[in-house]
Amino acid sequence: MALQPGILARGPWDPGQVEASWRAEEFEPERTAVEAADVALDALRRRGSPSHDGLAARLVDFEAEDGRLRLELQPARWALRLSSENASRSLAVLCVVRAADGSWLAGRRAAWLASWPGRWALGAGGAVELDENPAAAMERELREEWSVEPERLRVEALVLLPSGLAMLVGQAWLPDGATVAPDHEHDEFTWWPADVARWPPEADEPLRRMGALLAAAE
């Protein structure tokens, strides 16, 4: 199925409205995609990353109707997502985190990470593991990266980036008084104001666009 970069499907959906079915056969990428993944993985390891290759999810197809999002996934090599030109529709999740007062959790990502190294990002994100529901992957990443359980979680959109990386974007709200504890993937964190227009200079334009879209969906 040929897909164009952009928003593939827009929610919102509750986690229980996101369904995932998995093909048994592993994705066979083009030779150029394999070579690009090898180069990117080698560069990542030279930066000191402990990342190791394996299998994760790839988006085969999707359907958004009747208030549900149905995803067809298949196993694919994890390192394919590292390609800046042909990520082969590897699937990642991103879950933005909001405090009870509407402020946004921002963390500066460690320099050794595969994506956005040394840059500020919102919430938690990562690959979808084999046989995992992507909505459940969001909650897992929140626990692993920030040691939090959301009071409410909503899946907002399925998007395809120009690199060929597919991403399921969600938004989680924490209970009043909740605290976060960052993992080793972040070397600094803070809370940005609820009003996106008041975000600090380190919030780059892609983050501001995402924040504005999510705020408008509330």
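Throughout what follows, the structure given in this document is the object of discussion. Only a predicted model underlies this, so the values are computations on that prediction, with no experimental measurement involved.

Let us now look at the packing of aromatic side chains. For the coordinates displayed, the defined rule picks out four aromatic pairs. Taking 5.3 Å as the distance between ring centres and 80° as the angle between the ring planes, the aromatic pair formed by W104 and W199 counts as edge-to-face. Here the residue W104 occupies a position in strand β6 (residues 104-109), and W199 occupies one in the loop between β11 (186-192) and α3 (205-216), the gap between them amounting to 95 residues. Residue W104 is classed as buried on the basis of its relative accessible area, which comes to 0%. Ring geometry for W146 versus F189: centroids 5.7 Å apart, planes at 70°, classification edge-to-face. Of the two residues, W146 sits in helix α2 (residues 134-146) while F189 sits in strand β11, which places them 43 residues apart along the sequence. Judged by its relative accessible area of 0%, W146 is buried. Each member of the aromatic cluster is reached from another via a ring pair, and the members are W104, W120, W192 and W199. A cation over an aromatic ring shows up here: R152 above the ring of W173, its NZ or CZ 3.9 Å from the ring centre.

Of note, S49 is situated in the loop between α1 (31-46) and β3 (55-65). Once residues lying within four places of it in the same chain are set aside, the contact partners of S49 are L44 and W112.

Our next topic: the sheet that holds strand β2 (residues 18-22). Ordered in space as β2-β4-β3, the three strands form an open sheet in which the pairing is mixed. Each end of this open sheet is capped by a strand with a single partner; those strands are β2 and β3. Adjacent strand axes in the sheet meet at a mean angle of 30°, parallel and antiparallel pairs treated alike. Summarising the sheet, β2 and strand β4 (residues 68-77) pair through five bridges and their orientation is parallel. Following the sheet pairing, E19 is matched in β4 by R70.

This part takes up unusual backbone geometry. Cis geometry is adopted by the peptide bond preceding P12, which originates at G11 and carries an omega value of 10°. Secondary-structure assignment places P12 in strand β1 (residues 6-13). Look at S88: it is not a glycine, yet its phi comes out positive at around 60°. Located in the positive-phi region is S147, a residue other than glycine, with phi close to 55°. One can find S147 in the loop between α2 and β9 (152-160).

Taken as a whole and assessed by the stated rule, the structure comprises 18 salt bridges. With its nearest N and O atoms 2.8 Å apart, the salt bridge here joins E156 to R154. When its relative accessible area of 14% is taken as the criterion, R154 is described as buried. Ionic contacts of the salt-bridge type, sharing partners, join the residues E129, E132, R140, E141 and E144 into one network.

Right, let's talk about α1 for a bit. Here α1 spans 23 Å end to end across 16 residues, near enough to the 22 Å set by a 1.5 Å rise per residue. Considered for burial, the residues of α1 that qualify are A33, A37, L41 and L44. Across the axial projection of α1, the buried residues extend over an arc of 65°, all falling on one side. Away from its buried face, by an angle of more than 90 degrees, α1 presents the exposed residues R31, V39 and R46. On the buried face of α1, the contacting elements are β4.

Parameters at a glance
- Residues numbered from 1 in each chain as written.
- Predicted model: local features only at pLDDT ≥ 70, side-chain atom pairs only at ≥ 80, totals over all residues.
- Heavy atoms only, no water.
- Phe/Tyr/Trp six-rings, centres within 6.5 Å; stacked < 30°, edge-to-face > 60°.
- Helix = DSSP H or I, 4+ residues; strand = E, 2+ residues; numbered from the N terminus.
- Buried < 20%, exposed > 50% of the residue type's maximum accessible area, 1.4 Å probe, protein only.
- Lys NZ or Arg CZ within 6 Å of the ring centre and 35° of its normal.
- Contact = heavy atoms within 4.5 Å.
- Pairing = 2+ DSSP bridges.
- Axes fitted to C-alpha atoms, helices over the stretch in contact; angles between N-to-C directions.
- Salt bridge = Lys/Arg side-chain N within 4 Å of Asp/Glu carboxyl O.
- Expected span 1.5 Å × (residues − 1).
- Arc of directions from axis to C-beta.

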